[in-house]
Amino acid sequence: MAKILIAPSKYVQGSGEMRRLGTYASAYGKKALVLITASGFKRIGETVEEGFKDTGVEPVYDYFNGECSKTEISRLTKIMEEKQCDMVIGIGGGKILDTAKATAYYREVPVLICPTIASTDAPCSALSVIYTDDGVFEEYLFLKANPNLVLMDTEIITKSPVRLTIAGMGDALATYFEARACQRKGAVTCAGGLGTNAAMALAELCYNTLMEEGLKAKIALEAGACTPAVEKVIEANTLLSGIGFESCGLAGAHAIHNGLTVLPECHHMYHGEKVAFGTLVQLILENVPEEELDEVVSFCTELGLPVTLKELGVEKVTDEKVMAVAKAACAENDTLHNMPFEVTPESVAAAIKAADAYGRYYQGEE
């Protein structure tokens, strides 16, 4: 089987880069559908508008309806046709960005992705998650290509809630360990082939960056400061983790995240927060050396990422709840089967219990 690496055509990161959005967009067309929320436009609309001045690119603004659904995508494709837009620009969080990517896919035009937060590794990917109008997961839409441009304005991201960037670190934390598992298994990645050495190196760099810069970045963000550590973490959360997960593959951590969605108590937690706990479960499953496990638990604890079920919102842990999570994580088509050994609901349930106990032990609880 071939080795495959996929990535966005261009990645731009820096303070104030949103003010150059029109200059970047001019390489792709003349008229852009700009998808943003009403609150987002109120917050940064002036900056976005400034970015289009004297660039020859005409923005057509439209407010996102709140859900990446077929109805919303259809509405936007019609607007593009009516207004004769030749590109899509998504500005905001995950669902806006996925909607922008899907709309561009159906219109067969370039797409520019401008995250205002660094909470997941999805912006760089050739994937949109489609929901019903009521917010229920419907399907994954695999796209023909990654975004033409991903633009990260660190000035804007630094002003977002700190918890979102920390959640992004939780998501990125899993990248190397899942990549390593897929490499050992010889598993097919999200890119449709085996992982490359280049992608594996980026996944490992992602982990090392988090270990070296994560706590410094958290402290700086809490002070409202964009430091070199913050810049490095934003890149790790978005680009390194984005290429790493897509071109190396997903394994146990994200499957555990998916399993946790069956518990209503966990619904208020961010994606990356659940992935962080899933990473701990995966490492328990692999029976990694204690030093590696300690490094991950220490990192999560220092940042405030959950290492126990209680921190995820599960006040009363029962065998039934744990097994429900384990069974969901072991679903036939989920990525837990990319682990380089056989997994069963029973072995996963044991690892969940052990991870929870290890987290409590580390925190000095009984």
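Residues numbered from 1 in each chain as written. Predicted model: local features only at pLDDT ≥ 70, side-chain atom pairs only at ≥ 80, totals over all residues. Heavy atoms only, no water.

An unreviewed UniProt entry lists the protein under the name Glycerol dehydrogenase, from Candidatus Limivivens merdigallinarum. Here is the UniProt Pathway (unreviewed entry) comment for the protein, exactly as written: "Polyol metabolism; glycerol fermentation; glycerone phosphate from glycerol (oxidative route): step 1/2." (UniProt positions renumbered as here; feature names shortened; annotations may be inferred.)

Q: Whenever I open this one, helix α12 (residues 319-329) confuses me. Can you help?
A: Working note: α-helix, 3.6 residues per turn, so residues spaced by three or four point in the same direction. What α12 keeps buried is the set Val322, Val325, Ala326 and Ala329. Across the axial projection of α12, the buried residues extend over an arc of 100°, all falling on one side. Those residues of α12 that are exposed and aimed more than 90 degrees away from the buried face are Glu320 and Lys327. (Buried < 20%, exposed > 50% of the residue type's maximum accessible area, 1.4 Å probe, protein only. Helix = DSSP H or I, 4+ residues; strand = E, 2+ residues; numbered from the N terminus. Arc of directions from axis to C-beta.)

Q: So what exactly am I meant to see when it comes to the UniProt feature "binding site: glycerol" (unreviewed entry) in the protein here?
A: Within the UniProt annotation, "binding site: glycerol" (unreviewed entry) is assigned to Asp121, Asp171, His254 and His271. With the annotated positions falling across 151 residues, the maximum pairwise C-alpha distance of 12.3 Å places them together in a single cluster. Among the residues just listed, Asp121, Asp171, His254 and His271 line the largest pocket. On the basis of relative accessibility, which here comes to 1%, the residue Asp171 falls in the buried class. Among the secondary structure elements, His271 is positioned in helix α10 (residues 271-286). (1 Å grid on protein atoms, 1.4 Å probe; cavity = no way out; pocket = protein on both sides within 12 Å on 5 of 7 lines; lining within 4 Å.)

Q: What exactly am I supposed to notice about the pairing of strand β3 (residues 58-63) here?
A: A regular strand places its side chains on the two faces of the sheet in alternate fashion. Both strand β2 (residues 31-36) and β3 contribute to a ladder of six bridges, which runs parallel. The partner of Leu33 across the bridge, within β3, is Val60. (Pairing = 2+ DSSP bridges.)

Q: Would you explain the environment of Asn333 in this entry?
A: Relative to the helices and strands, Asn333 resides in the loop between α12 and α13 (345-362). Look at Asn333 and you get exposed, because its relative accessible area is 77%.

Q: Teacher, can you tell me more about the environment of Glu17 here?
A: Secondary-structure assignment places Glu17 in the loop between β1 (11-14) and α1 (21-25). For Glu17, a relative accessible area of 15% translates into the label buried. Sequence-wise, Glu17 and Thr154 are 137 residues apart; in three dimensions their C-alpha atoms are separated by 8.0 Å. Once you skip the residues sitting within four places of it in the chain, Glu17 turns out to touch Val12, Tyr24, Leu151 and Asp153. (Contact = heavy atoms within 4.5 Å.)

Q: Help me out: how do you make sense of the UniProt feature "binding site: NAD(+)" (unreviewed entry) in the protein in this one?
A: When the UniProt feature table is mapped onto this chain numbering, "binding site: NAD(+)" (unreviewed entry) sits at Gly94, Lys95, Ile96, Leu97, Asp98, Thr116, Ile117, Ala118, Ser119, Ser125, Leu127 and Tyr131. In the annotated set above, the residues contributing to the lining of the largest pocket are Gly94, Lys95, Ile96, Leu97, Asp98, Ile117, Ser119, Ser125, Leu127 and Tyr131. Looking at where Lys95 falls in the secondary structure, it is placed in helix α4 (residues 94-107). Residue class for Lys95 comes out partly exposed when judged on its relative accessible area of 30%. Relative to the elements of secondary structure, Asp98 occurs in helix α4. Residues contacting Asp98, with those up to four places away along its chain left out, are Cys68, Leu127, Ser128 and Val129.

Q: Would you mind going over the environment of Val297 with me for this structure?
A: Examined against the element boundaries, Val297 turns out to sit in helix α11 (residues 290-303). Of the residues examined, Val297 reaches a relative accessible area of 1% and is grouped as buried. Separated by 20 residues in the primary sequence, Val297 and Phe277 place their C-alpha atoms 9.2 Å from one another.

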